[in-house]
Amino acid sequence: MSSSSLSVNEGLVAFASGIPLPADGAPASVIDQDVPGAGRPPVPLSGATGGITPADPLAGFGATIAFAGNQAVLGVVGQVDLVSAPELAAVLNAVIDLGHATVVLDLAGTDFMGAAGLEIIATTGSRLRSTGGQLTIRSPSALVRRMLDVTGLTELISLEPTGPVEGHLGPEQTVAVPGLPVVMAPAIQAEQWRRVTAMPADLDVLDGALRLVVALAQATVSGADGVSVSLQRHGRLATVAASDQTVSDMDADQYATGEGPCVDASVEGRWFHAESLDQETRWPSFTPRARKLGISAILSHPLLADDRPVGALNIYSRTAVAFAPKEQELAAIFATEASLILRDAGADVSDEQLSGRLGEALRRRHIIAQAQGVVMERDGVSEDAAYTRLRNFSRRSDRPLHEWAADVVGSTRREAPWLEN
Amino acid sequence: MAGELSGLLDQARQDAGLSHGELWLRYFELGGMSSALQVEAYLYGALLPSDHDYDVVAHALNERFVELGGNHPVAYSDSQTVTEDEGAES
């Protein structure tokens, strides 16, 4: 939870007291501090609960807010990553809650925006659009701009490309400095990932994050015509994120033939590079299929969880010898990022656990629906009214709804034993 | 009513220690019909849930709070009150 949010106890007290909080109450306090100083130097968003220490992963992140009529201009300073993104979301939501339907997000002071930041742009853009408002992204770097295009977010927002000169690639591209070790500088800091580890797993979020890694890899690795992520699920490899159908087909061909760089990387836990499929001899069944689909080069990096290979990040090119050492290192970085996402998510929920949980949910849902029918029939009430009655039983007794529902269904059986037959 | 309250839901979700996915699963288990994405949108106020949908989400959260030793802190659409004694049973 972000440092500007209510603690668990405060939150419970607020609810239990029956006093409605303001919408998005916690972030409003941030706004209270920041609004009067429109245009003043950035205020650290984590400042509400104390000073920033060197170890503070939010250090260096802040925002400026200026208002012009109905328009709010939010200037972001520092990195928008998995740690700071919730802070940014909170401020954006608070600004919108204050009634500003037109919001400009100025990224000129941002030296990194990761997938989490893009998700916020998507969420905020949708929210504003649904209420007739507008989100404008000002001064995105070329990379962010391309990401907005790749992910289709430009449909939701408007762009105001002031600032970056032609050809400016944005600070994210520090990876491309020749002669230096490739470092995706702010993206993967241990401090940040430790915080992410504390978050509960969420497969929707996981798959969304992996899709963004795929989009980001395709946008960044030159020569990449398609990117996918393969994962071991239910004991076999499956493509969980792919940039297009050809890539999915390519992965499927490898699973079907049981060979190919993706399969080998996933099993052996090391990277495989098919520089030119014309000269490739390692995968005799798969290679002709790939060439038929127009692919000439493949780079597969293993994804590791607890140092164990669990899948691969695959990058495909229609051009032979497309992946120079720089591209290979970039691919390694994205594979690391995907591995970290998996590690953080996979620790909590396995497929078996999830399918078990889903089965239980389906069973309970079925019992509740049955009980609802019984109450409708017995009391002559509507579906919703029947549900409300069951819910109120549960609420008054502190017993879960599905237990009540089982009792209701069971009582009917006792009263009408012929139903058993 | 649901619209006024939905802003509180995500805070309650966090207080309850539930991920979006887990909350959706609980909502689904209770008979909810909305997708995981829609439920997430309810929490953030990006979509307005029907009173029924709101109540199912609220009940999913309340059952979690009961598991944690609390009462039913999240208000339902038919009651501003949050004490468990004031039900809306007809």
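It should be emphasised that the depicted structure is a prediction, and the values quoted were computed from it without experimental measurement.

Thresholds applied
- Here the residue numbering is sequential within each chain, running from 1 through the sequence in written order.
- Following the order in which they are written, the chains are lettered starting with A and the ligands numbered starting with 1.
- Selection of residues for local features in this predicted model requires a pLDDT of at least 70, selection of side-chain atom pairs for listing and counting requires 80 or more, and totals for whole chains, interfaces and linings are taken over all residues.
- Put simply, DSSP marks the helices as runs of H or I at least four residues long and the strands as runs of E at least two long, and each gets a number from the N terminus on.
- Residues with at least 20 other C-beta atoms within 10 Å of their own are called buried, those with 12 or fewer are called exposed, and the rest are partly exposed. The C-beta atoms themselves are positioned from the backbone.
- A pair of residues counts as a contact when their C-beta atoms, built from backbone coordinates, are within 7 Å of each other.
- Fitting a line to C-alpha atoms yields each axis, with helices limited to the stretch in contact; the angle taken between N-to-C directions then spans 0 to 180 degrees.
- When an angle is under 35 degrees it counts as roughly parallel; over 145 it counts as roughly antiparallel; between 65 and 115 it counts as roughly perpendicular; any other value is oblique.
- Each crossing gets its hand from how the near helix is turned against the far one by less than a right angle, where anticlockwise is left-handed and clockwise is right-handed.
- Ten residue types, Ala, Val, Leu, Ile, Met, Phe, Trp, Tyr, Cys and Pro, are classed as nonpolar, four, Asp, Glu, Lys and Arg, as charged, and the remainder, Gly among them, as polar.
- Strand pairing is assigned whenever DSSP identifies at least 2 bridges connecting the two strands.
- By this rule the span expected of a helix is its residue count minus one, scaled by 1.5 Å.
- Confidence of the prediction at every residue is given by pLDDT, a number between 0 and 100.
- The nonpolar core criterion groups buried Ala, Val, Leu, Ile, Met, Phe, Trp, Tyr and Cys residues into a set whenever they are joined through C-beta atoms within 7 Å.

Enquirer: Explanation requested: the overall build of chain B in the structure shown.
Expert: Across its full length, chain B holds four helices and zero strands. Along the chain direction, N to C, the helices and strands of chain B fall in the order α-α-α-α. Counting the 90 residues in chain B, one finds 56% classified as buried. Look at the contacts in chain B between residues 6 or more apart in sequence, and 52% of them connect residues 24 or more apart.

Enquirer: Is there a simple way to think about the overall build of chain A in this case?
Expert: Each helix and strand counted, chain A has 14 helices and 13 strands in total. Residues classed as buried in chain A amount to 43% of the 421 residues present.

Enquirer: I'm lost on the packing of helix α3 (residues 85-97) of chain A against helix α4 (residues 115-130) of chain A in this one. Help?
Expert: Helix packing for two helices is described by the angle between their axes and how far apart those axes are. Residue and element names in this part refer to chain A. Relative orientation of the contacting elements α3 and α4 amounts to 15 degrees, with a least axis distance of 9 Å. Comparing their axes, α4 and α3 come out roughly parallel. Read as a crossing pair, α3 and α4 show a hand that is right-handed. Across the interface between the two elements, A85, L88, A89, L92 and I96 of α3 pack against A116, G117, I120, T124, R127 and L128 of α4. Residues that form the contact of α3 with α4 fall into these classes: eight nonpolar, two polar and one charged.

Enquirer: Is there a simple way to think about the pairing of strand β5 (residues 102-106) of chain A in this case?
Expert: Along any regular strand the residues' side chains alternate between the sheet's two faces. All names here are of chain A. For β5, the buried fraction is high: four of the five residues fall into the buried class. Where strand β3 (residues 71-77) and β5 come together, five bridges link them in parallel fashion. Bridge pairing links Q71 to T102 in β5. Across five bridges, β5 lies against strand β7 (residues 134-138) in parallel orientation. Bridged to V104 within β7 is T136.

Enquirer: Which parts of the structure should I look at to understand helix α13 (residues 383-397) of chain A?
Expert: Residues and elements named next belong to chain A. End to end, α13 covers 22 Å across 15 residues, agreeing with the expected 21 Å (1.5 Å per residue, within 8%). All of the buried residues along α13 are A386, Y387, T388, R389, L390, R391, F393, S394 and R395. Among the residues trailing α13, D398 stands out with phi positive, at a value near 60 degrees.

Enquirer: In this structure, what is going on with unusual backbone geometry? I would like to understand it.
Expert: Residues other than glycine predominantly adopt negative phi, and peptide bonds predominantly adopt the trans conformation. All names here are of chain A. Its identity as a non-glycine residue notwithstanding, S139 has a phi of 55 degrees, on the positive side. On the secondary structure map, S139 appears in the loop between β7 and α5 (142-150). Despite not being glycine, V321 shows a phi value in the positive range, around 55 degrees. Topologically, V321 is positioned in the loop between β13 (308-317) and α11 (325-346). C-beta crowding within 10 Å serves as the criterion here: with 11 such atoms nearby, V321 is assigned to the exposed category.

Enquirer: Got a minute to help me understand the confidence of the model for chain A in this structure?
Expert: In low-pLDDT segments, the atomic positions of the prediction should not be examined closely. Residues and elements named next belong to chain A. Overall, the predicted model of chain A reaches an average pLDDT of 69, with 64% of residues at or above 70. Mean pLDDT across the elements of chain A ranges from a minimum in helix α1 (residues 8-16), with 25, to a maximum in helix α10 (residues 286-292), with 94. Segment residues 1-55 is flagged for pLDDT under 50; beyond a separation of four residues in sequence, or across chains, it makes 96 contacts in the model.

Enquirer: What exactly am I supposed to notice about the nonpolar core here?
Expert: Buried together is how nonpolar side chains tend to be arranged in soluble globular proteins. Residues and elements named next belong to chain A. One finds L74, V103, A217 and F334 to be the most contacted residues of the largest nonpolar core, which totals 82 residues. Among the elements that make up this core, the one with the highest residue count is α3 (nine residues). When neighbours within four sequence positions are excluded, F334 is seen to be in contact with V213, L216, A217 and L313.

Enquirer: Help me understand the sheet that holds strand β9 (residues 226-233) of chain A, please; the structure alone is not making it clear to me.
Expert: Strand pairing within a sheet occurs via backbone hydrogen bonds; the two strands may be parallel or antiparallel. Residue and element names in this part refer to chain A. The strand order β10-β9-β13-β12-β11 describes an open sheet built from five strands, whose pairing is antiparallel. For this open sheet the edge positions go to β10 (236-242) and β11 (272-274), each flanked by a neighbour on one side alone. Between one strand axis and the next, the sheet turns through 25 degrees on average, direction left out of account. Two elements, β11 and strand β12 (residues 297-305), share three bridges in a ladder whose sense is antiparallel. Its bridge partner being in β12, H273 is matched across the sheet by L299.

Enquirer: How should the environment of P140(A) be read in this particular structure?
Expert: Residue and element names in this part refer to chain A. Tracing the backbone shows P140 in the loop between β7 and α5. For P140, a count of 25 C-beta atoms within 10 Å corresponds to the buried category. Along the sequence, P140 and L159 sit 19 residues apart, while their C-alpha atoms lie 8.2 Å from each other.

Enquirer: In this structure, what is going on with the packing of helix α2 (residues 20-29) of chain B against helix α4 (residues 51-67) of chain B? I would like to understand it.
Expert: All names here are of chain B. Running from amino to carboxyl end, α2 crosses α4 at an angle of 110 degrees, the nearest separation of the two axes being 9 Å. As summarised for this structure, α2 and α4 are arranged roughly perpendicular, according to the angle between their axes. Viewed along their axes, α2 and α4 form a crossing whose handedness is right-handed. Counted together, L23, R26 and Y27 of α2 and V56, V57, A60, E63 and R64 of α4 form the full contact between these two elements. Taken together, the residues of the contact of α2 with α4 sort by class into five nonpolar, no polar and three charged.

Enquirer: Explanation requested: the pairing of β13(A) in the structure shown.
Expert: All names here are of chain A. Counting buried positions along β13 gives eight out of ten residues, so the element sits mostly inside the fold. Here β9 pairs with β13 via six bridges, running antiparallel. Its bridge partner lying in β13, G226 is registered against Y316. Of the pairings in the sheet, the one linking β12 to β13 comprises nine bridges and is antiparallel in character. Looking at the pairing, A297 lines up with S317 of β13.

Enquirer: Even after reading the chapter, I still don't get helix α9 (residues 261-268) of chain A, so can you show me in this structure?
Expert: It helps to recall that an α-helix has 3.6 residues per turn; residues three or four apart then point in one direction. Counted residue by residue, α9(A) has six buried out of eight residues, so it is predominantly covered. In the stretch just after α9(A), G269(A) is the one whose phi turns positive, near 75 degrees.

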